[in-house]
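Structural overview for review
Listed below are the residues making up each chain.
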Amino acid sequence: MTVRLSALALLGSALALGACAERELPIEVRIANADPAVSVTARGETEPVGTNNADAADDPAIWRNAANPAASLIVGTDKKAGLHVYGLDGRSRHFLDAGQVNNVDLRDNVTINGTPGILVVASDRNDPRQAKLALFRLDPATAQLTSLGTVPAGAGEAYGVCLAQQDDGRVHAFIVVKDGTINQIALDTAGTTVSGQTVRSMKLGTQSEGCVVDERTDTLYVAEEDVGLWRFDAKADGATVPHKIAAADGKAIVADAEGVALAPVGTNGGYVIVSSQGDNAYTLYSLPDERYVGRFRIVDGAIGGAEETDGIELVLGDFGAQFPGGLFIAQDGENGAAAQNFKLVAWADIVAAMKLAD
């Protein structure tokens, strides 16, 4: 029997092999081969997650308290154990045993069981054969999470998740399964029990995880770890064909391409940011033209730097004097002798270091 491989499959295999070889190089060589990156330092960090000596901390989400920015909250995953809720001082104010939850996102002003609230959604990988979405309500006064239940999200192991408000009035969750499948699920949280309807599926060729949605332009950005950064139409009735923005070429992005975050400016401007895990950097592309802008690293200062970053998050706006203009958070995969944690960086420091337009 003759087996024919498509040119796309061959290209994907070649890219994956190249990425594997790239990761085997010493970190100093990967950094030397990559494009230059400016340096910033963190202004804060969270307490370590509870799981020691393991790849455990993974992905953050940010709730900005518009009335009292200093009372804003961070939700972070310990993918071996559950969810932490931190204050901006980095202290863990609540932990919920949710098992193996990988990525997390949230949306405010969502009708939950009949009343408005903060909806938190995590990718639930407790069953590696069947992905689920784990849903929670976040109480901003107490920083407590309350479980709302789970929603089926398709076959395979749940990895990435990101949320978007859609024209149908519901929050849509994009669940990225380990094999590169992306299922778009319309959530119903208004009643006494939560549910979800898969409205369409999309596909990337290999292992993928990080994602973010630009709700201004209905654009979904997804990182395929060994290949690069892609975008899809995020509308429920949109095309499912991916468009490649950037390759994990060892220069701008060094595999793995991991977390993805957004800095929205105006009606369609700003930046999309991807974690270049292979050389401890973060790469920016401008919007809407998707032009390569540059890179930065979080280096040691009064607080330690960040290495081997998985998830990232960015929310613009007032977070008080410590984080003017916005808050960028990166998972730190090498937190010294302590368990992994999350580093907090002022967006204003990144803007200044990279000489970005305000």
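Quick look at the structure, then.

Formed by 22 residues in total, the largest nonpolar core has its most connected members in Tyr282, Phe296, Ile298, Phe328 and Trp347. Mapped by element, the contributors of at least two residues to this core are strand S19 (257–265), strand S20 (269–276), strand S21 (281–287), strand S22 (292–299), strand S23 (312–316), strand S24 (326–332) and helix H3 (347–354). Top contributing element to this core by residue count: H3, with four residues. The contacts of phenylalanine 296, once residues within four sequence positions are left out, are Ala37, Val38, Val40, Ala281, Tyr282, Leu284, Phe328, Ile350 and Met354.

Going through the model one piece at a time under the given rule, you end up with 17 salt bridges. The salt bridge involving aspartate 58 is made with lysine 79; its shortest N-O contact spans 3.1 Å. In this pair, aspartate 58 is assigned in strand S3 (residues 57–63) and lysine 79 in the loop between strand S4 (73–78) and strand S5 (82–87), connecting sequence segments 21 residues apart. In terms of burial, aspartate 58 and lysine 79 fall into one category: buried. Arginine 216 is paired through a salt bridge with aspartate 214; the nearest N and O atoms lie 2.8 Å apart.

Turning our eyes to something else, we now look at the state of the cysteines. Enumeration according to the criterion identifies one disulfide in this entry. For cysteine 162, the disulfide goes to cysteine 211, at an S-S distance of 2.3 Å. Given an S-S torsion of about -125 degrees, the disulfide between cysteine 162 and cysteine 211 has left-handed geometry. Placement of cysteine 162 in strand S11 (residues 158–165) and of cysteine 211 in strand S15 (residues 208–214) is noted, with a sequence separation of 49 residues between them. Summarising the burial analysis for this pair, cysteine 162 and cysteine 211 share the class buried.

Here is what the cut-offs are and how they apply
Residues numbered from 1 in each chain as written. Predicted model: local features only at pLDDT ≥ 70, side-chain atom pairs only at ≥ 80, totals over all residues. Heavy atoms only, no water. Core = buried A, V, L, I, M, F, W, Y, C linked by side-chain atoms within 4.5 Å. Buried < 20%, exposed > 50% of the residue type's maximum accessible area, 1.4 Å probe, protein only. Helix = DSSP H or I, 4+ residues; strand = E, 2+ residues; numbered from the N terminus. Contact = heavy atoms within 4.5 Å. Salt bridge = Lys/Arg side-chain N within 4 Å of Asp/Glu carboxyl O. Disulfide = S-S within 2.5 Å.

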